[in-house]
Amino acid sequence: MATNDSTFLRSKLSPAKLGLLEKRLQDAKRQREQAESSPVQRIPQRPDKGPAPLSFAQQRLWFLDQLMPGGTMYNVPFALRLTGRLDLAAFEQTISELTRRHEVLRTTFAAVDGQPVQIVHPPQPLALPVTDLSQLGEEERERQVERAVVEDARRPFDLSAGPLLRVSLMRLGTEDHVLLFTLHHIVSDAWSLGVFVREVVTLYGAYLEGRPSPLPELKIQYADYAVWQREWLQGEVLEQQVGYWREQLAGAPAVLELPTDKPRPAVQTHRGGHHSFTLSEELTKRLRELSRDEGASLFMTLLAGWQLVLSRYSGQDEVVVGAPIANRHRAEVEPLIGFFVNTLALRARLGGAQSFRELLGQVKETTLGAYAHQDLPFEKLVEELQPDRKLSHTPLFQVIFTLQNAPVGELKLPGLQLSPVGRGGTERTHFDLSLGINESDDKLKCSLGYNTDLFEAATAERLAGNYERLLAEAVAAPELPISQLSMLSDEEREQLRRWGRSERDYGTLAPVHLLIAERAAERPHEVALSDAQRAVTYAELEAEADRLARLLVERGVRPGERVGVMLGRTAEAVAAMLAVWKAGGVYLPLDPSDPARRLSFVLADSAPSALVLRGALPDGASAGDALLLDLDAEGDGLAAPETGAPVVEVGGGDVAYVIYTSGSTGEPKGVEVEHRQLSNMVAASQDAFGFAGHDAAACLAPLTFDISLFELLCPLAAGARVVLADARSALDPGAALELLGGVTCLHAVPGLMRQLAEFAAEAARPYAGVRLAFVGGEAVPPDLLLRMREAFPSAGIHVLYGPTEATVICASHAVGDDARVTGQMIGRPLGGACLSLRDGRGREVPVGVTGEIYIGGAGVTRGYLNRPELTEEKYVEVDGERYYRSGDLGRWLPSGDIEFLGRRDDQV
């Protein structure tokens, strides 16, 4: 019933169409002819009518039942409403004859000497159990029906006791009945349901008229097939079949890494849901035309599209999909009820610049080869290949595809109208995803099944839409490279654009040091900074910065030249930063405690014209030709009367600072950040978080980390007070509790934040005065946010995200009061920023799909100092806009937030 393209094969096997594939098919044909010329060319009746071995497919289900007895995963239920006059005797006779004709329906399973066998029991007349509900009110009657339908579907079978066909009837009225059928999959499959329906129609019609059964006796029974399969599939035949599949699946990915909405359970679950959708008449017509033009079947074209969508969702260039096949290519098994269906593992390679037409050709060749080697049961294939087995997912593939192109037949009984009765709450799934398509007149009706412990219903609906969209693109332009085929609708693109782009445009912003100068004029006597040694007012901060700026200009520092500042975590280091900007220079923060090797590298790479420090350079470090401005030796020069800052005009496009990355992913890189980008960061942060003049903010980061600019400049630009904390103090429980007892705004990296939260918990002393708590710089575990909520009960908690190349931060996530977050959040773009998630070929990805985070907008920096090739690689133009490729991976959540998923493997 499922994906049986035998008719297609017979019409398409020609040298002109199949080329190199013909040899494979001819080899397979010869193998089969050799087998059929042997004494068992037709499946014979077994001479011994005693216990028989199980087929390979049955054996798998039997073992699963031994592991998890009482399960209902393999129940095959259906229920029908019968309206009209039902002849109960004729119907009982019909089911009795069915079970007589098909031994498998009166078979049970037992273990003999440790091996499973099937035992066929003598036929017995059936007395159909009838439950009379006709005396109940209508509402109660329908409730009872609904409950009975679900309970029957969920009632387990005992494979050792049987029977494995359950039939019962509920009488709702004289001419109103509900019929319940449930079989176990070990004795049936989808094709069997078609056999069942056709024989019920034929037999009931005959018995109703008093005629005998018109059906011919079956030549063989399912147990005969099981015996034959065991004898035939061994030796050379087995080796040839296994050899083909071993070659086909060599090196294939073991798991399709689909992005899931929920963590994958350690043990696979089978709770399922489904989403139904229909491909339009026009799309169906064009799919059939493309299939015909390419000498392919509709199944192959639909499968190619499905594998392409799965490749996009998983980010993998190789995809293996399971395809159930009826496996009824021998005439003598076609009329049997039984478990014959096999599943083929169909692999597609979707890399390179191939067109959809070329992909379809590849899928056609793979599919035809698989059909020619379909005799190897999937269970036997797994046994032979021995892939790594995990309880969390199925082996070889986790997604299946079926095209139902063999009709079940219409169940029409004389004098009765039949309609299906739903089975709410009984859905089960064996796989992560299963796409089933039915040919129905001029349209294709589709059902996307999904594991509800992995996926939400909305995700399945989006996936279905993406599949339909991609098919439409493929049939419109099959010659295009598959990389150019989009699976996003215009509506989806617009939604992603809205989510990813902040509409806030701050216009032309003043450089940050001028904003701080304005605050100094407004509140000259308020404390601006305090460090371990002193507190500095805004007026004093401005005066220190002005004096040092004049000195820098006097010593020859020209606009645009880099000036290193190596003054540790002190107030005078902040004054020196402002001084460099007032002099028109480029701020280069340096840490005297850094290893000499790193210091020497940074100094050599950046080539500063001047270096502000106290005392001498650390041993082993070299400043090259830089002017050393030793503040210890400049005492009188820095004590000159206040005459204001030098008049140096600074533009938004001038470089404000160069800051070096840590080098943890390779050689440190100097990032050039312009004044307009820095000003946008401060304006966006003020807009999002609302720093105020009454705030006291802690600065815990080393000044060589760009997040220190957030910790310093956002509060100072608002007229707040900044507490420069010594790193050792922040790690001391008592000192940390004392320090944070006086601040209202705090940022820390996750490791430090966890320690601060633990200090508060151990002392039973939350930081009640903190109103803004920020965490970022690294991935933030969800459990840390819960700890933060306990430590900062009155605070607005925000996760910050942003690489150095996007000017400190470009996105944030506001944590709710309950702090319930299951993933590592990035959130939404801040003002002026633009975020886009794209796959390895630069295409936008749908909601829920992993993509690299591209950052655009006002915060994207100039690039890397002295690294034009790297700048060109990492800073790219997309749709006329400049973006930085972060190398970070994330996905859009349905809420419009971005979840962080790690780093790309190829990042250095």
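These numbers come from a predicted model, not from an experiment. For every chain, the first residue of the written sequence is number 1, and numbering continues from 1 onward in sequence order. pLDDT decides what is reported in this predicted model: residues at 70 or higher carry local features, side-chain atom pairs at 80 or more are listed and counted, and totals for whole chains, interfaces and linings draw on all residues regardless. Each side-chain value is derived from all of the structure's non-hydrogen atoms; neither hydrogens nor water enter the calculation.

Quick look at the sheet that holds strand β3 (residues 107-112) now. Between any two strands, at least two bridges found by DSSP are needed for them to pair. Where helices and strands are cited, they refer to DSSP runs of H or I of at least four residues and of E of at least two residues respectively, numbered from the N terminus. Pairing is antiparallel in the open sheet, where three strands are placed in the order β1-β4-β3. With partners counted over all chains shown, the strands left at the sheet margins are β1 (52-53) and β3, one partner each. Two elements, β1 and strand β4 (residues 115-120), share two bridges in a ladder whose sense is antiparallel. What sits directly across from A52, in β4, is Q118.

This part is about the side chain of Q221. Mapped onto the secondary structure, Q221 falls in the loop between α7 (190-208) and α8 (222-232). Throughout this description, a polar contact denotes any pair of N or O atoms lying within 3.5 Å of each other; where both atoms belong to protein, one of them has to be capable of donating a hydrogen while the other can accept it, and for residues adjacent in sequence the pair is counted only when both atoms sit in side chains. Within the structure, the side chain of Q221 is placed 2.8 Å from the backbone oxygen of R101, a separation counted as a polar contact. We call two residues in contact whenever any of their non-hydrogen atoms come within 4.5 Å of each other. With residues near it in sequence (within four places) discarded, Q221 still touches R46, R101, H102, E103, V104 and L336.

Glancing now at the sheet that holds strand β7 (residues 176-184). Pairing within the open sheet is mixed, and its five strands lie in the order β5-β6-β7-β2-β12. With one partner strand each, in any of the chains shown, β5 (130-132) and β12 (416-420) form the two edges of the open sheet. Each strand axis lies, on average, 25° off the axis of its neighbour in the sheet, ignoring direction. Sheet topology places strand β6 (residues 165-173) next to β7; eight bridges connect them, and they run antiparallel. In the strand pairing of β7, L169 is matched with L179. Axes here mean lines fitted to C-alpha atoms, for a helix over just the part in contact, with angles spanning 0 to 180 degrees between N-to-C directions. Contacts from α7 reach β2 (75-84), β6, β7 and β12, with the element oriented near 30° to β2.

Take the pattern of salt bridges next. One side chain can pair with another of opposite charge once the charged atoms of both are near each other. Any Lys or Arg side-chain nitrogen located within 4 Å of an Asp or Glu carboxyl oxygen qualifies as a salt bridge. In this structure the tally under the stated criterion is 51 salt bridges. Where E332 meets R42, a salt bridge forms, and the shortest distance between an N and an O atom there is 3.9 Å. Separated by 290 residues along the polypeptide, E332 in the loop between β9 (318-325) and β10 (342-349) and R42 in the loop between α3 (21-36) and β1 bring together distant segments of the chain. Any residue under 20% of the maximum accessible area for its type is buried, any over 50% is exposed, and the rest in between are partly exposed; the area is computed with a 1.4 Å probe on protein chains only. Note on R42: relative accessible area 56%, which makes it exposed. Measuring nitrogen to oxygen at the nearest pair gives 2.7 Å for the salt bridge that ties R357 to E294. With R357 in helix α12 (residues 356-372) and E294 in the loop between α10 (281-293) and α11 (298-314), this pair connects stretches of sequence that are 63 residues apart.

Attention now moves to empty space enclosed by the protein. Here a cavity denotes grid points, spaced 1 Å and computed from the protein atoms alone, that fit a 1.4 Å probe unable to get out, and a pocket denotes an open set having protein on both sides within 12 Å along at least 5 of 7 lines; residues with an atom within 4 Å of a point are the lining. Grid points are joined across faces, edges and corners, and a volume is the space filled by probe spheres set on the points. According to the stated counting rule, one finds 10 cavities of 30 Å³ or more in the structure shown. Considering only enclosed or pocket space, the largest cavity measures out at about 100 Å³ in volume. Every residue along the wall of the largest cavity is listed here: Y225, W228, Q229, W232, N327, H329, R330, V333 and D375.

Let's shift gears to helix α4 (residues 56-67). Between the first and last residue of a helix there are one fewer steps than residues, each counted as 1.5 Å, and that sum is the expected span. With 12 residues, α4 ought to run about 16 Å at 1.5 Å a step, and its terminal C-alpha atoms sit 17 Å apart, in line with that. Restricting attention to buried positions, one finds in α4 the residues F56, A57, Q58, Q59, L61, W62 and D65.

This paragraph deals with a negative patch on the surface. Candidate patch residues must exceed 30% relative accessible area and have no salt bridge, after which like charges are joined if within 9 Å and Val, Leu, Ile, Met, Phe, Trp or Tyr side chains if within 5 Å. Note on areas: Shrake-Rupley with a 1.4 Å probe; residue coverage comes only from the protein chains shown. The convention is simple: Lys and Arg are positive, Asp and Glu are negative, and His and the chain ends are not counted. Taken as the charge location is NZ of Lys, CZ of Arg, CG of Asp or CD of Glu. On the surface, E281, E282, D441 and D442 cluster together to form a negatively charged patch. Within the fold, E281 resides in helix α10.

All right, on to the packing of aromatic side chains then. The way to describe two aromatic rings as a pair is by their centre distance and the angle between their planes. Under the pairing criterion, centres of Phe, Tyr and Trp rings, with the six-membered ring standing for Trp, must be within 6.5 Å; the plane angle then separates stacked pairs below 30 degrees from edge-to-face pairs above 60, leaving the rest tilted. Evaluation of the coordinates by the stated rule reveals 29 aromatic pairs. Relative to F401, the ring of F299 has its centre 5.4 Å away and its plane inclined at 40°; by these criteria the two rings are tilted. Remark: F401 occurs in strand β11 (residues 399-404) and F299 occurs in helix α11; sequence separation between them is 102 residues. As far as the burial class goes, F299 and F401 line up, both buried.

Let us look at the pairing of strand β26 (residues 772-776). Within β26, five of the five residues are buried, which leaves the element mostly enclosed by the surrounding structure. Here β26 shows no split at all, with L772, F774 and G776 on one side and A773 and V775 on the other all buried. Relative to β26, strand β25 (residues 745-748) runs parallel, the two sharing four bridges. Looking across to β26, one finds that A748 is bridged to V775. Place the viewer so that the strands point away; then a crossover is right-handed whenever the path from the first strand over the helix to the second strand goes clockwise. For the handedness criterion, the β-α-β arrangement of β25, helix α24 (residues 750-762) and β26 is classed as right-handed. Pairing of β26 with strand β27 (residues 796-801), which is carried by five bridges, proceeds in the parallel orientation. Bridging from a neighbouring strand, F774 pairs with H798 of β27. Taken together, β26, helix α25 (residues 782-791) and β27 form a β-α-β motif whose crossover is right-handed.

Interpretation in functional terms is not warranted from these geometric data alone.
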